[in-house]
Amino acid sequence: QVQLVESGGGLVQTGGSLRLSCAASGGTFGNYVMGWFRQAPGKERELVAASSWSGGTSYADSVKGRFTISRDNAKNMVYLQMNSLKPEDTAVYYCAARPFAYSDSSKDYDYWGQGTQVTVSS
């Protein structure tokens, strides 16, 4: 059983930056694909970025060039650096994990954090 705890959300102005962190415990972190999802009011949960156990990364088109996902397998941590934030990035951001195989569907992720609110003011 993997437990995930996010931190780092908050209120920021357009063009600002935030760094989200996700601490994992209870599993072999290096075996997991780690994803950052977000869900805005009235919208479906969507994949923002993912990091495979081998170090590969993928991003939603809407955040490419602005967001960077990284992981520290020694510390069981995954991060999401968000730059040039826009009001449309406002959402609850979730850290999620699934073993080995990459997926961009939230339905395929087995473990979820509680979420952290990111609000970008215009």
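Since this is a predicted model, take the numbers as computed values, not measurements.

Description of empty space enclosed by the protein
Within this structure, the stated rule accounts for one cavity of 30 Å³ or more. For the largest cavity, the calculated volume is near 40 Å³. What lines the largest cavity is Val2, Leu4, Ala24, Ser25, Gly27, Thr28, Phe29, Tyr32, Met34, Asn76 and Ala97. Tallied by class, the residues present in the lining of the largest cavity amount to seven nonpolar, four polar and no charged.

Focus on the nonpolar core
Ranked by internal contacts, the top residues of the largest apolar core, which has 29 residues, are Leu4, Met34, Leu80, Met82 and Tyr93. Secondary structure elements with two or more residues in this core: β3 (18–25), β4 (32–39), β5 (46–51), β7 (67–72), β8 (77–82), β9 (91–99) and β11 (116–121). In this structure, tyrosine 93 is in contact with Glu6, Leu20, Phe37, Arg38, Val48, Phe67, Leu80, Met82, Gly115, Thr116 and Val118, ignoring residues within four places of it in sequence. Ranked by size, the runner-up nonpolar core spans six residues in total, among them Phe37, Leu47, Ala50 and Ala96.

Points about the sheet that holds β7
Spatially, β1-β3-β8-β7 is the arrangement adopted by the four strands of the open sheet, whose pairing is antiparallel. Whereas interior strands pair on both sides, the edge strands pair on one side only; in this sheet they are β1 (3–7) and β7. Here the average twist between neighbouring strands, direction ignored, is 15°.

Points about the packing of aromatic side chains
Aromatic ring pairs are reported here in terms of the distance separating the ring centres and the angle at which the planes meet. Tallied over the entire structure, the rule returns five aromatic pairs. Plain terms: the ring middles of tyrosine 32 and tyrosine 111 are 6.1 Å apart, the flat faces sit at 70° to each other, and that makes the pair edge-to-face. Remark: tyrosine 111 occurs in strand β10 (residues 111–112) and tyrosine 32 occurs in strand β4; sequence separation between them is 79 residues. Of the residues examined, tyrosine 32 reaches a relative accessible area of 14% and is grouped as buried. Residue tyrosine 111 is classed as buried on the basis of its relative accessible area of 18%. Geometrically, the ring pair formed by phenylalanine 37 and tryptophan 112 is tilted, given 5.0 Å between the ring centres and 55° between the ring planes. Within this pair, whereas phenylalanine 37 is found in strand β4, its partner tryptophan 112 is found in strand β10, the two being separated by 75 residues in sequence. One aromatic cluster is present, built from ring pairs that chain together Phe37, Tyr94, Tyr109 and Trp112. Sitting over the ring of tyrosine 94, arginine 45 keeps its end group 3.8 Å from the ring centre. Arginine 71 extends its terminal NZ or CZ atom over the ring of phenylalanine 29, reaching a point 4.7 Å from the ring centre.

What counts and how
- Residues numbered from 1 in each chain as written.
- Predicted model: local features only at pLDDT ≥ 70, side-chain atom pairs only at ≥ 80, totals over all residues.
- Heavy atoms only, no water.
- 1 Å grid on protein atoms, 1.4 Å probe; cavity = no way out; pocket = protein on both sides within 12 Å on 5 of 7 lines; lining within 4 Å.
- Points joined across faces, edges and corners; volume = space filled by probe spheres on them.
- Nonpolar A, V, L, I, M, F, W, Y, C, P; charged D, E, K, R; others polar.
- Core = buried A, V, L, I, M, F, W, Y, C linked by side-chain atoms within 4.5 Å.
- Buried < 20%, exposed > 50% of the residue type's maximum accessible area, 1.4 Å probe, protein only.
- Helix = DSSP H or I, 4+ residues; strand = E, 2+ residues; numbered from the N terminus.
- Contact = heavy atoms within 4.5 Å.
- Pairing = 2+ DSSP bridges.
- Axes fitted to C-alpha atoms, helices over the stretch in contact; angles between N-to-C directions.
- Phe/Tyr/Trp six-rings, centres within 6.5 Å; stacked < 30°, edge-to-face > 60°.
- Lys NZ or Arg CZ within 6 Å of the ring centre and 35° of its normal.

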